[in-house]
Amino acid sequence: MSPTDDLPPYFSINPDKAVEDMGAPTTTGTFQHLAEACARGRTDLTGRGLDDRGQKTLRRFSTWEITRYLIPVAPAHFRRVLRQNPNLPQGLTETEGGAKWFTLDEVLRLRAHFAAEGSKAKGYLPYRPAGLPAKIAAVANFKGGVGKTSTAAHLAMSAALDGYRVLVVDLDSQGSMTSIFGGRVADEWQTIFPLLARHYGEHLREDNRRRLDRGEAPQALDETLDEALKLTTRDLVQKTHWPNIDLIGAQLDLYWAEFQIPVWRMSSRGWKLWEALSTRLEADGALDAYDLVILDTPPALGYLTINALAAADILLVPLGASFLEFDSTGRFFDMLHATFSSIEDSENMAARALGLGETRFEWDAVRAVITRFDGAQQAEMAALMQAYMGASLSPYRQDYTALIGQAGEQVSGIYEADYRDFNRETYARGRAAFDETYAGFKRLLVGAWRRDELAAARAAE
């Protein structure tokens, strides 16, 4: 053995061999070839979950899954109710006398039956006060790779399995959430962009009325604003392979909004850009049509993220149990404080001068959530983070398991994975991490609705 055999690999690199291995210099055209290659790979990966029509389909759910995770009844009682009610969905069996499998549509029908005919002491239907609007939840952090989209997607799926009607809004121009739900978006006119443009167009139209009253020339509405004024939230919503999850998708052209919004703001300083998304969702009836709106944001504190955070009732901030992610998340909260307090100060200075009410941003709850957790390696760091962040850090941590890894490779969620591809223990352990995350989130959701419900009752007295 020579003395150089134990040296690390960065010693004794041969310059001539290094030049040979490099290949030709990279040009801008190389980026196009790489983008096209990745696009072909993306099409290949997403296409593996498509049916003969080129659409994603949601698997069926077995009696075991339904009675364990979806409808709180004993399997024997579940089967007895089906025998006594032949008009209810009976499911399909793949073998003679085998387990019965049901679509989620059928599960929702069965849940409604148990809620109407079963014990009133059991929560067959999720808590949802009548007469109150949907809650909006944003999932955000300006550090990428923290599990933001995965968390948002699984919360949407968890809520759908729980019986809620969910609207998912993808605000990230990378479009990962859109891919998970099989969305197809041709350009920015099928994203959230027209709603932001419409909000500005309506502001400009109102501002022009005031200009005319003062004898001033109005500002022209360009073709983009004219087109946006014709569109509503309903025009942008896509159905997904989940019967109770709808989607407003995203793609690369949505990033143009980050450049267009400040141009509009400079043209009209009175435009409250941070209200655009929330105002349009409310005005278009989305908060009545759904129970929950989930906003997946880009990994940056840009104008799209500010809109999402201003619209949100509940803010979730995913992060890993590492120093760098803890440090970065702290800076994210610092930026949130600087951004929203600056808006408040600016708006309230003018409001006080005019004798108007002041602007105050408020969220029902803000929670950080540890993702991709490895208890064997990160328990001490997680405990330290919990000590410093207290109740603002959710005690539920998303463990990384084989089930989560396989779901990521198949561009799907863990709830879309067939447990027969694993043993039941692996499946149960894999989904338990997200079940706990959803349980923590649902406590916030239910608590926020209940607080609103009690406030409304007091106001009516």
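In the block above lies the structure referred to throughout.
This report concerns the structure included in the present document. (Residues numbered from 1 in each chain as written. Predicted model: local features only at pLDDT ≥ 70, side-chain atom pairs only at ≥ 80, totals over all residues. Heavy atoms only, no water.)

Looking now at the overall build of the protein chain. Counting its secondary structure elements, the protein chain contains 18 helices and ten strands. Structurally, the protein chain occupies a C-alpha span of about 85 × 80 × 50 Å along its principal axes. A buried classification covers 46% of the 461 residues belonging to the protein chain. A separation threshold of at least 6 residues defines the contact pool for the protein chain, and within that pool the share at least 24 residues apart is 77%. Between the mean site of the 51 positive side-chain charges and the mean site of the 62 negative ones, the protein chain shows a separation of 7 Å. (Helix = DSSP H or I, 4+ residues; strand = E, 2+ residues; numbered from the N terminus. Buried < 20%, exposed > 50% of the residue type's maximum accessible area, 1.4 Å probe, protein only. Contact = heavy atoms within 4.5 Å. Lys, Arg positive; Asp, Glu negative; His and termini not counted. Charge placed at Lys NZ, Arg CZ, Asp CG, Glu CD.)

Now for the packing of aromatic side chains. Taken as a whole, this structure holds 23 aromatic pairs when the rule is applied. Each ring, one from Trp64 and one from Tyr69, has its centre 5.8 Å from the other, and the planes form 90°; the classification is edge-to-face. Seen in terms of ring centroids, Phe193 and Trp256 are 5.0 Å apart; in terms of plane orientation they differ by 45°. Their pairing is tilted. Of this pair, Phe193 sits in helix H8 (residues 193–213) while Trp256 is found in the loop between strand E7 (245–248) and helix H11 (257–267), placing the two residues 63 residues apart along the sequence. On the basis of relative accessibility, which here comes to 34%, the residue Trp256 falls in the partly exposed class. Each residue in the set Trp189, Phe193, Tyr200, Trp256, Trp264 and Trp271 is aromatic and connected to the rest through ring pairs, giving one cluster. Against the face of Phe373 rests Arg397, its NZ or CZ located 5.5 Å from the ring centre. A cation over an aromatic ring shows up here: Arg420 above the ring of Trp101, its NZ or CZ 3.9 Å from the ring centre. (Phe/Tyr/Trp six-rings, centres within 6.5 Å; stacked < 30°, edge-to-face > 60°. Lys NZ or Arg CZ within 6 Å of the ring centre and 35° of its normal.)

The subject of this paragraph is a nonpolar patch on the surface. The grouping of Leu7, Tyr10, Phe11 and Ile13 at the surface amounts to a nonpolar patch, some 450 Å² of accessible area in total. In this structure, Leu7 sits in the segment before helix H1 (15–22). Overall, the relative accessible area of 40% leaves Leu7 in the partly exposed class. (Patch = residues over 30% accessible without salt bridge, like charges linked within 9 Å, V, L, I, M, F, W, Y side chains within 5 Å. Areas by Shrake-Rupley, 256 points an atom, 1.4 Å probe, with all protein chains shown as cover. Salt bridge = Lys/Arg side-chain N within 4 Å of Asp/Glu carboxyl O.)

The next subject is the sheet that holds E7. Strand order in the open sheet formed by seven strands is E6-E7-E5-E8-E4-E9-E10, and the pairing between neighbours is mixed. For this open sheet the edge positions go to strand E6 (238–239) and strand E10 (365–370), each flanked by a neighbour on one side alone. Looking at chain direction, strand E5 (residues 166–170) and E7 are connected through four bridges and run parallel. Within E7, the residue paired with Leu167 across the bridge is Asp246. In the packing of helix H15 (residues 323–354) onto the sheet, contacts are made with strand E9 (314–319) and E10, and the angle to E9 comes to roughly 150°. (Pairing = 2+ DSSP bridges. Axes fitted to C-alpha atoms, helices over the stretch in contact; angles between N-to-C directions.)

What follows deals with the sheet that holds strand E1 (residues 61–62). Taking strand neighbours across the sheet as the criterion, the three strands line up as E1-E3-E2 in an open arrangement whose pairing is antiparallel. Looking at the sheet topology across the chains shown, the edges are occupied by E1 and strand E2 (92–93). The pairing of E2 with strand E3 (residues 100–102) spans two bridges and is antiparallel. If you follow Thr93 over to E3, its bridge partner there is Lys100.

Turning next to the pairing of E5. Each regular strand displays side chains that alternate between the two surfaces of the sheet. Most of E5 is tucked away, with five of its five residues classed as buried. Going residue by residue along E5, you find Val166, Val168 and Asp170 tucked away on one face and Leu167 and Val169 tucked away on the opposite face as well. As judged from the five bridges shared by E5 and strand E8 (residues 292–296), these two strands associate in the parallel manner. Residue Asp170 lies in a different strand from E8, and its bridge partner there is Asp296.

Moving on to the packing of helix H6 (residues 148–161) against helix H18 (residues 424–460). Between H6 and H18, whose axes approach to 10 Å, the crossing angle comes to 75°. Taken together, H6 and H18 sit at an angle that is classed as roughly perpendicular. Contacts between H6 and H18 involve Ser150, His154, Leu155, Ser158 and Ala159 from the former and Phe434, Thr437, Tyr438 and Phe441 from the latter. Looking at the contact of H6 with H18 residue by residue, the class counts come to five nonpolar, four polar and no charged. (Parallel < 35°, antiparallel > 145°, perpendicular 65-115°, else oblique. Nonpolar A, V, L, I, M, F, W, Y, C, P; charged D, E, K, R; others polar.)

Let's shift gears to the environment of Tyr124. With respect to the helices and strands, Tyr124 occurs in the loop between helix H5 (104–117) and strand E4 (135–139). When the C-alpha atoms of Tyr124 and Trp189 are compared, they prove to be 39 Å apart, with 65 residues separating the residues in sequence. Those residues in contact with Tyr124 that sit more than four places away from it in its chain are Ile71, Pro72, Val73, Arg111, Phe114, Ala115, Gly118 and Ser119.

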